Amino acid sequence: MKKLLFAAAIIAALVWQGSIKNLRVSAPLRPQITVLRQNSILPNRFAVIEPMADTAPLNIHVNMAIKNPATLKAFIAAQQNPASALYHNYITPAQFALMFGPTTTQLAAVENYLAAQGMTGIEVSANHLIISANATAAQAAAAFQARMALISVQGHVYYDSVTSPAAPQTIAPYITAITGLDNLPKAQPHVLFASKNSATPKVGSGPVGGYTPAQLVSGYDIGSLQTAVNSGANIRIGLVEFDGFTQSDVNAFAGNYSLPDPNITIHLVNGATNTPGSGAIEDELDIEVLNSIAPNAAQDVYIATQSTPYTDVLSAIATADIDPVVSASWGSCEAANGSATLNAMDSVFMEMAAQGQTFFAAAGDSGAYDCNDSLNSYPSLAVDSPADDPYVVGVGGTQLQLTAFNQYQSESVWGDPTDTSNSATGAGGGGGYSAMFNEPSYQNTAPNISDPTQMRVVPDVSANADPATGYSMYCTISASGCYSSGWTIVGGTSAAAPLWTAVMAQIDAYLTAHNKPKAGYVNQALYTYYNSSAYSSAYHDITQGNNLYYSATANYDPASGIGSLDAWNLAQVFVNGVSSSGGTPTPTPSVTATATTTPTATTTATATTTPTATTTATVTATPTATATPAPKTPLQNSIGVYNSQTGTFYLKNSNGNGNADNIFAYGPANSVPLVGDWTGSGYDTVGVYVPQTGAFFLKNTNSAGPADISFVYGPPNSVPLVGDWTGSGYDTVGVYVPQTGAFFLKNTNSSGNADISFVYGPPNSVPLVGDWTGSGYNTVGVYDSKTGAFFLKNTNSSGSADTSFVYGPAGSVPIVGGWVGKGYSSIGAYDSQTGTFFLKNGSSTGATDISFVFGPAGSVPIVGDWTGNGYDSVGAYDSQTGTFFLKYANSAGPADNSFVFGPAGSIPIVGDWTGKGYDSVGVYDAQTGTFYLKNSNSAGPADNTFVFGPLGSIPIVGDWTGKGYDSVGVYNNGWFYLRNSNAAGNTDITANFGPSGATPIAGKWHT
């Protein structure tokens, strides 16, 4: 098979593409860019009392912009697209910070600026999205042109900047929002008490009325799901809270209904304490609803003060990354946040989505008039944040009616204009059109969504929220309005959100039980199932009622969204999938993200010069020569270079002086170059692999123009593979994911999902490629360096390894070759610490067939057909002494030949220097530019010694003229120097093309 030549790629800073407009304000000698304020209280809603004391302490939070937001959005879309190989392949917080977080330069610029303003305690969050610092009011005013003042809002005293904060032009493009300049409440609980009039009929069987856990489980068909996953055992659920709670209250609730006490872990954000206050009923409602629906699940309760920036709580949850599903019942009117804060929150929600975290949020309790709450007075229609965010599942409210047997009977949208306890316009489930976020693709492609504004519509789904059909709960905290007796009935979308969250967490567990990945960011899936034959079974379409403005209709509507759920049927859909009646768009991630490659001296003949397992096994699968001497083909090797800085290939069709015959660029800069015969044409063409996005860009011809084929599959930062997986006669690509041990192979070089994906062997192994059975096609394997175990597949199919065995000490270097000349590859291991080779004549279980020691420990293993017998045997090169140790047969005993030539520390090379039909060795001394070649593998000095090309070059080997034997060359800073014969003399061919610092590659570029 064609050999894969690549330079080791490292993730570097990605180019940030900002969207903040440059707005100059008057500031002498210091240009500024205005950053939109995080909270927009209308002028007629507050009054300035007095300036804030200069020494008053503040905790400032600079919210940093993500880089490559378009790439991130496409990446998330691909993760939820079944046609993409990124489907359900999620990343970690560390990977997110590296791939999409601000660069170290940007972080340092902001940190240095804060320090220069005298701020202390500067810290960067783990996801790199928030920089916090301690400051005085005077320092904050000077740093951000903030007018800090004490203000009065509806009889309450707060502090805030009465002007929009700004930042210097040097750092403003890196900033999304500046928070911490006020202590206004950031969110309100979405919970309402049922009428306290004892004459009002009570629905439900709770101690004073209200639906009980059993009634909710029965009504929404959750019982079978609970049974299937042991009521959520071994899963975690996150809760966003801006107040504290009392453990005895939630335990009393559990005890009354014979539920286990909730398993709670408290996470205090920004120094908050678990002190119950006016919003404590929200905490207890959330905990008790989760305990009702998923009683065995662990609950992570993130507690902050009501003045804590929402982004800080979200960031804590995202960077912890321990909760696959999260619920938030606290929110605020979209307009009251301002676009800066909404953008900052959106960045963290995108991080959660990329990490596979599902986020549910209450859509609000003021119907379509979300801003008509106790803090603000807006006369227009509005929606609630964070339910408005496209990466959040917004949960609206309904009134649920059960039969006498507690089965689902009907539902209508919750809307009560007579309940003005929370809003002058009445109470109801939140819903309507966002004024901030554009319509996401999952809504744009769903049928029956009338969206004249082309903006995001909420809610997405709904559940019981009307206090008239409320939830039975227990709360004794008088500051929250609870009764001393404890039992009460409450409603609100605050209850609907944790109900959906608890169901989704158990669906994740159900997926795990069926060996499927967790659902992750589920918005796309929910709308896909809505747009399918599963709609009538998995959802309840709500067609009655209104939310004070929008009326329920058949199918989707902005009063109830898709509708409520039948939990068991929805779980079946998640596990078994559906045939969509509509279409799911296949997004192609943007490739603006770049990486920095590190060119290496790895070439066709010197792939084993680096004694690392990764280079030896993943670059060529057979580290040096092939198992059988190559036929004397008229196709000759010619040269090329890849400029990693610009993503440009420079190829020569002949090895002569002059310019490149072909120059073309495609794919992002700093990709990993690939070489293969992608079409079975008989000659090689190039390609690139982009580690950050997992995208391949292949050329079917070596000509100018864009890539002929580009596609994405497998998670980013995988190891690219090339092989003929089906015996089709041409190469296709694949990737190996070290973190999971998963292979993703393509049988054709075309867009779409991986044809074959499977996992075996321990993660973080070294991938291998070879024909293990003489079948005529390549299959994969892995080598676990920690245990010395090989795991090989005879076919590229899912399932366990066909062969697994251990030999050779752990930490060896895996090698692949045809040790017995039977037409197939088998494996070996080289222990550099002892200089021992361990070879297998077949890929089968059992002990090592051959093990032997020659050459000193720490040598570089080499492989070749040293005698022309048709099979490979091994060798070792001791760089410290310049000694080769060769075995003509893979048998026990000392080396057949050992010899020294060339100075110590040289680079070993392998080739057929005379056309004799077998390989012999050579070395290249980069310090003197000297080649030392052996025409035979025997004791004695080098047969040929010659110098050409500048010092410090990279040695390359190939048949440059189609003459049937190999000769050498060097590459140095854009210049090729080639020899047509291996003899003393001047350079036969000098070619200069391609920029300096490019990576040399070799192949047959033409027929």
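Shown above is the structure to which this text applies.
Everything numeric in this text was worked out from a predicted model, so none of it was measured.

A. Highlighting the side chain of glutamine 79. Within the secondary structure, glutamine 79 sits in helix α1 (residues 69-79). Of the residues examined, glutamine 79 reaches a relative accessible area of 0% and is grouped as buried. A polar contact is formed between the side chain of glutamine 79 and the backbone oxygen of alanine 354, at a distance of 3.0 Å. Apart from the residues lying within four places of it in its own chain, the contact partners of glutamine 79 are Leu86, Tyr87, His88, Asn89, Tyr90, Ile91, Ala353 and Ala354.

B. View of the pattern of salt bridges. Counted by the stated rule, this structure contains three salt bridges. Arginine 236 is the salt-bridge partner of aspartate 300, the closest N and O atoms lying 2.7 Å from each other. One end of the pair, aspartate 300, is in strand β15 (residues 298-303); the other, arginine 236, is in strand β13 (residues 236-241), and 64 residues separate them in sequence. Judged by its relative accessible area of 32%, arginine 236 falls in the partly exposed class.

C. View of the environment of alanine 424. Looking at where alanine 424 falls in the secondary structure, it is placed in the loop between β22 (415-416) and β23 (427-428). On a C-alpha basis, the gap between alanine 424 and tyrosine 369 in space is 9.5 Å, while along the polypeptide they are 55 residues apart.

D. Seen up close, α1. Taken together, the buried positions of α1 are occupied by Thr71, Leu72, Ala74, Phe75, Ile76, Ala78 and Gln79. Next to the buried residues of α1 lie α2 (93-100) and α10 (334-355).

E. The pairing of strand β18 (residues 358-362), seen in detail. Of all five residues that make up β18, five are buried, and the element is covered over most of its length. Across the two faces of β18 the burial is the same, with Thr358, Phe360 and Ala362 and Phe359 and Ala361 all buried. As paired strands, strand β16 (residues 325-328) and β18 are joined by four bridges and run parallel to one another. Note that in β18 the partner of serine 327 across the bridge is phenylalanine 360. Alignment of β18 against strand β20 (residues 393-402), held across three bridges, turns out to be parallel.

F. Up close: the state of the cysteines. Considering all chains together, one arrives at two disulfides under this definition. Disulfide partner of cysteine 475: cysteine 482, at an S-S distance of 2.0 Å. Residues cysteine 475 and cysteine 482 are joined through a disulfide that is right-handed, its torsion about the S-S bond being 85 degrees. Going through the chain in sequence order and numbering each bonded cysteine, the pairs you get are 1-2, 3-4.

G. Region of the structure containing unusual backbone geometry. Proline 386 follows serine 385 through a cis peptide bond whose omega is 15 degrees. Tracing the backbone shows proline 386 in the loop between β19 (384-385) and β20. Of note, the phi angle at histidine 88 is positive, near 60 degrees, even though the residue is not glycine. Mapped onto the secondary structure, histidine 88 falls in the loop between α1 and α2.

Thresholds applied
- Residues numbered from 1 in each chain as written.
- Predicted model: local features only at pLDDT ≥ 70, side-chain atom pairs only at ≥ 80, totals over all residues.
- Heavy atoms only, no water.
- Helix = DSSP H or I, 4+ residues; strand = E, 2+ residues; numbered from the N terminus.
- Buried < 20%, exposed > 50% of the residue type's maximum accessible area, 1.4 Å probe, protein only.
- Polar contact = N/O pair within 3.5 Å; in protein donor to acceptor, adjacent residues only side chain to side chain.
- Contact = heavy atoms within 4.5 Å.
- Salt bridge = Lys/Arg side-chain N within 4 Å of Asp/Glu carboxyl O.
- Pairing = 2+ DSSP bridges.
- Disulfide = S-S within 2.5 Å.

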